[in-house]
Amino acid sequence: MFSKEVYQSRRKRLAEFTNGDFLLFLGNRQSAFNYESNEYAFRQDSTFLYLFGIDEPDYAAVIADGETTIYADDVTMDDIIWMGPQKSVADKASEVGITKTKPRRALINDVATALSQNRAVHFVPPYRGETIIELSELTGIPNGKVKESASRKLIDAMIALRSQKETCEIEEIERHMAYGYNMHVTAMKMAVEGKTEQEIHAAIDYQSMLGGGQVAFPTICSVSGQTLHNHTYNGILKRGQLLLVDAGSDSPLHYATDNTRTTPVGGKFTQKQKDIYQIVLNANNAVIEKSAPGIKYLDMHLLAARTIAEGLIGVGIMKGSAEDIVARGAHAMFFPHGIGHMMGLDVHDMESYNELYVGYDDEVKKSKEFGLSSLRLGRRLKPGFVVTDEPGIYFIPELMDKWEAEGKFKDIINYDKLKQYRDFGGIRLEDDLLITENGCRILGQRIPITIDEVENIQN
């Protein structure tokens, strides 16, 4: 964990936002895999980690009237027999600057007392069933109403705190980027004919675990890159295909990395693949060049979309002007997702609070237009934001057939030319950016990305 002063400062700043309100935080519990004592790898709730730093199950906390209380139970002798000696709850609390602890069962009475005094009990939106049930039992709110009863005041305060990363957070992400780099270079070297997606997937996740953590999200490793989130690994690589890998590592303190690279099987692009790849790389680089404080990330998405449209005009797939193509939304056939999202303790940072609150505000509203509606971050950038930059071009046969049958954008899309790309797959290139005082920079050593760099990996 970070120093106790980091967590003390965070809680102090939160108290300034919330004026002594009764704030309730439930850490995560263990989750059974297939029976009670066989459990999934534990992952602490990110809000709890951010404020309290204790990476253990069955903890809760209350911040009220300027005082923080940790609720948890010390281990039993039976626990020690199975797990070995453990620090006491008081010792763990002391490490993050908290002196007041109570048994877990005391939380019931303390919340009930607050409610009896007509105090509002503030909590962030739960995302696990057992947390919803416990919040319902503690507050009396029906299960089905718990999520919508989350405190907007606390949500806004947490977003304000977590959006602009502290120096220690940036250092943790950057230090762990080396493992993300190794994940992707390993996959690129293994992209040879006859390898299976499963073999490469296993090697990628192994590289992440060498860094002391798990993967930040289920690894995407597929020669069917036109499927944006493909989590099946049953393909066998063939020369001429493109292997798309979207993967990230979870650091020991649970900060994420998130990168995507696309590699030709056998190490050499065809000319057609080079043409499309370079368009995506141009879009990626354009966003890096222009991202800076005060810039709407919505505008960076539109910049990437125009760059993609210009490139597709150049290869004869689209017609007209890039401005008109993007204004009408025709580019979304090939680029149906957003340019990026916040990243930090969560790979899609803070999205458990609600994407609309994290990525949008009173100035920038979320669009309902196909493609643009998938943009997770549209608001103006600030120094300390960590964001992903991930343009892509995908040739989705089912979508191509649907739009052609509907006569959609037939004045823009050259459907005859498009037939040559039915088995192309998809290309996505993703870097993680830190917004600085004057612009942005890529976090970590940049994973090989130019055509020459990628083709030289297997040499």
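Remember, it's a predicted structure, so these values are computed and weren't measured experimentally.

### Describing a nonpolar patch on the surface
Judged by side-chain polarity, Val75, Met77, Ile81, Trp82 and Met83 come together as a nonpolar surface patch covering roughly 630 Å² of accessible area. Positionally, methionine 83 belongs in helix H3 (residues 77-83).

### Focus on the side chain of aspartate 205
Secondary-structure assignment places aspartate 205 in helix H9 (residues 197-209). The residues contacting aspartate 205, other than those within four sequence positions of it, are Val215 and Thr219.

### Here's the deal with the pairing of strand S14 (residues 431-435)
Most of S14 is tucked away: five of the five residues are buried. Residues of S14 alternate between two faces, with Asp431, Leu433 and Ile435 on one and Asp432 and Leu434 on the opposite face, all of them buried. With four bridges joining them, strand S11 (residues 386-389) and S14 adopt antiparallel strand pairing. In the strand pairing of S14, valine 387 is matched with leucine 433. Alignment of S14 against strand S15 (residues 440-442), held across three bridges, turns out to be antiparallel.

### Side note on the packing of aromatic side chains
Under the counting rule described, the total for this entry stands at twelve aromatic pairs. Ring geometry for phenylalanine 48 and phenylalanine 52: centres 4.8 Å apart, planes at 45°, overall tilted. Of this pair, phenylalanine 48 and phenylalanine 52 both sit in helix H2 (residues 46-52), separated by four residues, roughly a single helical turn. When its relative accessible area of 0% is taken as the criterion, phenylalanine 48 is described as buried. Seen in terms of ring centroids, phenylalanine 269 and tyrosine 277 are 4.8 Å apart; in terms of plane orientation they differ by 55°. Their pairing is tilted. Judged on exposure class, the residue phenylalanine 269 and its partner tyrosine 277 are both buried. Members of the aromatic cluster, connected to one another through ring pairs, are Phe334, Phe395, Tyr421 and Phe424. It is arginine 10 that lies over the ring of tyrosine 50; its NZ or CZ is 3.9 Å from the centre. Sitting over the ring of tyrosine 421, lysine 272 keeps its end group 4.8 Å from the ring centre.

### A short note on unusual backbone geometry
In this structure, asparagine 19 takes a positive phi of about 55° despite not being glycine. Looking at where asparagine 19 falls in the secondary structure, it is placed in the loop between helix H1 (4-18) and strand S1 (22-26). Residue class for asparagine 19 comes out exposed when judged on its relative accessible area of 58%. Not every positive phi belongs to a glycine, and aspartate 58 is a case in point at roughly 70°.

### Digging into the sheet that holds S1
Across the sheet, which stays open at both edges, the five strands sit in the order S6-S5-S4-S1-S7 with mixed pairing between neighbours. Each edge of the open sheet carries a strand with a single partner, namely strand S6 (100-102) and strand S7 (121-122). Examined bridge by bridge, strand S4 (residues 60-64) and strand S5 (residues 67-71) share five bridges and lie antiparallel to one another. The residue bridging alanine 61 from the neighbouring strand is isoleucine 70, located in S5. Contacting S1 and S7, helix H6 (residues 129-139) crosses the sheet at an angle of about 145° to S1.

### Remarks on the sheet that holds S11
Taken in spatial order, the three strands of this open sheet run S11-S14-S15, and their pairing is antiparallel. Every interior strand has two partners, whereas the edge strands, S11 and S15, have only one. Adjacent strand axes in the sheet meet at a mean angle of 35° when their direction is disregarded. Along the sheet face, helix H8 (residues 167-190) touches S11, S14 and S15 and points at about 35° away from the line of S15.

### Section: the environment of glutamate 67
Summarising the element assignment, glutamate 67 is placed in strand S5. Each C-alpha atom of the pair glutamate 67 and phenylalanine 22 lies 9.9 Å from the other, and the pair is 45 residues apart in sequence. With sequence-adjacent residues up to four places away left out, glutamate 67 is seen in contact with Val62 and Lys100. Of note is the side chain of glutamate 67, whose polar atom sits 3.1 Å from the side chain of lysine 100.

### Observations concerning helix H7 (residues 152-163)
Given a rise of 1.5 Å per residue, twelve residues ought to cover 16 Å, and the 16 Å separating the end C-alpha atoms of H7 matches this to within 8%. For H7, the complete set of buried residues consists of Leu154, Ile155, Ala157, Met158, Ile159, Leu161, Arg162 and Ser163. Residues of H7 that are buried sit in contact with H1, S1, H2, S7 and helix H13 (355-359).

### Quick word on the pairing of S1
For S1, a buried count of five out of five residues is recorded, marking the element as mostly surrounded by other parts of the structure. Residues Phe22, Leu24 and Leu26 point to one face of S1 and Leu23 and Phe25 to the other, with burial holding for every one of them.

### Overview of the pattern of salt bridges
Pairing is possible between side chains that carry opposite charge, provided their charged atoms lie close to one another. In total, this model carries 37 salt bridges according to the counting rule given. Across the pair aspartate 324 and arginine 328 runs a salt bridge whose closest N-O atoms are separated by 3.7 Å. With a gap of four residues between them, aspartate 324 and arginine 328 both fall in helix H12 (residues 322-328), about one helical turn apart. Owing to a relative accessible area of 37%, arginine 328 belongs among the partly exposed residues under this scheme. For lysine 402, the salt bridge identified is with glutamate 406, shortest N-O distance 2.7 Å. Remark: glutamate 406 and lysine 402 occur in helix H14 (residues 397-406); sequence separation between them is four residues, near one turn of the helix. Given the relative accessible area of 46%, lysine 402 is considered partly exposed.

What counts and what doesn't
Residues numbered from 1 in each chain as written. Predicted model: local features only at pLDDT ≥ 70, side-chain atom pairs only at ≥ 80, totals over all residues. Heavy atoms only, no water. Patch = residues over 30% accessible without salt bridge, like charges linked within 9 Å, V, L, I, M, F, W, Y side chains within 5 Å. Areas by Shrake-Rupley, 256 points an atom, 1.4 Å probe, with all protein chains shown as cover. Salt bridge = Lys/Arg side-chain N within 4 Å of Asp/Glu carboxyl O. Helix = DSSP H or I, 4+ residues; strand = E, 2+ residues; numbered from the N terminus. Contact = heavy atoms within 4.5 Å. Buried < 20%, exposed > 50% of the residue type's maximum accessible area, 1.4 Å probe, protein only. Pairing = 2+ DSSP bridges. Phe/Tyr/Trp six-rings, centres within 6.5 Å; stacked < 30°, edge-to-face > 60°. Lys NZ or Arg CZ within 6 Å of the ring centre and 35° of its normal. Axes fitted to C-alpha atoms, helices over the stretch in contact; angles between N-to-C directions. Polar contact = N/O pair within 3.5 Å; in protein donor to acceptor, adjacent residues only side chain to side chain. Expected span 1.5 Å × (residues − 1).

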